[in-house]
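Structural overview for review
Residues per chain, in single letters:
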Amino acid sequence: MEEELLSTIMTIIMKSGQAKDACYRALQAAKKGEETATLLQEATDFMNEAHQAQTTLMSQEASGVEFKLSLLVVHAQDHLMTTLTYMDLVKELIALYDQGQIKRD
């Protein structure tokens, strides 16, 4: 696999993982009644980096660059999409904590 392609794929995987971790930490903070905005912004920033890497791959493919579909590409997409879903869920749970609809620890 070409080194640049591998680097872009790994960026998607790593940044998605970092975003998921920041979301998890935000949820744990919400359970304790602590501030979550900074952690959610951190998660958003990581996801933006992952999206930029994904967009690079999609732009290259749209311009005619052909990639061999690999398990790593599928894995990267899986990380990206599950983290996006996780972020949405965490934001909803934090809102419920903030509204008092879920009891804090």
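Residues numbered from 1 in each chain as written. Predicted model: local features only at pLDDT ≥ 70, side-chain atom pairs only at ≥ 80, totals over all residues. Heavy atoms only, no water.

**Quick look at the overall build of the protein**
Condition: Counting from the N terminus, the helices are DSSP H or I runs at least four residues long and the strands are E runs at least two residues long. As defined in this context, the radius of gyration uses C-alpha atoms, and a globule is described by 2.2 Å times the residue total to the power 0.38. Residues are treated as being in contact if the distance between any of their heavy atoms lies within 4.5 Å. Computed with the Shrake-Rupley method and a 1.4 Å probe, the accessible areas treat only the protein chains shown as cover for residues. Charged residues are defined narrowly, with Lys and Arg counted positive, Asp and Glu counted negative, and His plus the chain ends left uncounted. Note that the charge is assigned to NZ on lysines, CZ on arginines, CG on aspartates and CD on glutamates.
Looking only at helices and strands, the protein has three helices and zero strands in total. What you see in the protein, going N to C, is helices and strands ordered as α-α-α. For 105 residues, the compact-globule estimate of 2.2 N^0.38 gives 13 Å, and the protein exceeds it by more than 25% at 16 Å. Each of the three principal axes of the protein carries a C-alpha extent, and together these read 50 × 20 × 20 Å. In the protein, the proportion of contacts linking residues at least 24 apart, taken out of those at least 6 apart, comes to 76%. Put simply, the protein shows about 6600 Å² of open surface, and 55% of that area lies on carbon and sulfur atoms. Of the side-chain charges in the protein, 9 are positive and 16 negative, and the distance between the mean point of each set is 11 Å.

**Digging into the UniProt feature "binding site: Mg(2+)" (unreviewed entry) in the protein**
Rule in force here: UniProt positions are given in the numbering used here, feature names are shortened, and annotations may be inferred rather than shown by experiment.
Per the UniProt entry, the sites bearing "binding site: Mg(2+)" (unreviewed entry) are Asp78 in this numbering. Here aspartate 78 lies in helix H3 (residues 71-98).

**Re helix H1 (residues 3-31)**
Where we set the bar: Multiplying 1.5 Å by the helix residue count minus one yields the expected span of that helix.
Its 29 residues give H1 an end-to-end C-alpha distance of 42 Å, which sits within 8% of 42 Å, the value for a rise of 1.5 Å per residue. Glycine 33 sits one or two positions beyond H1 and adopts a positive phi of about 80°.

**Details of the packing of H1 against H3**
The line we're drawing: Note on definitions: angles span 0 to 180 degrees between N-to-C directions of axes, and those axes are lines fitted to C-alpha atoms, for helices only across the stretch in contact. Comment on the angle field: the value is read as roughly parallel under 35 degrees, roughly antiparallel over 145, roughly perpendicular from 65 to 115, and oblique elsewhere. Crossing chirality is assigned from the near helix's rotation relative to the far helix, an anticlockwise turn below a right angle marking it left-handed and a clockwise turn marking it right-handed. Each residue receives one of three labels: charged for Asp, Glu, Lys and Arg, nonpolar for Ala, Val, Leu, Ile, Met, Phe, Trp, Tyr, Cys and Pro, and polar for the others, Gly being one of them.
Put simply, H1 and H3 touch, their axes get as near as 9 Å, and they point 20° apart. By the angle class used here, H1 and H3 are roughly parallel. Handedness of the H1/H3 crossing: left-handed. Per-class residue counts for the contact of H1 with H3 are 20 nonpolar, four polar and two charged.

**What to know about the UniProt feature "modified residue: Phosphohistidine" (unreviewed entry) in the protein**
To be explicit about the condition: Three labels apply to residues, based on accessible area from a 1.4 Å probe with only protein chains included: buried if under 20% of the type maximum, exposed if over 50%, partly exposed otherwise in between.
UniProt tags His75 as "modified residue: Phosphohistidine" (unreviewed entry). Within the element layout of this structure, histidine 75 appears in helix H3. Since its relative accessible area comes to 35%, histidine 75 is described here as partly exposed.

**Some points on the packing of helix H2 (residues 37-62) against H3**
Two numbers describe how H2 lies on H3: the axes approach to 11 Å, and their chain directions differ by 155°. For the element pair H2 / H3, the angle class is roughly antiparallel. Considering the relative orientation of H2 and H3, their crossing is left-handed. For the pair H2 and H3, contact is made by Leu40, Ala43, Thr44, Met47, Ala50, His51 and Gln54 and by Gln77, Leu80, Thr83, Leu84, Met87, Val90, Lys91 and Ile94, respectively. Here the residues of the contact of H2 with H3 are counted per class, giving nine nonpolar, five polar and one charged.

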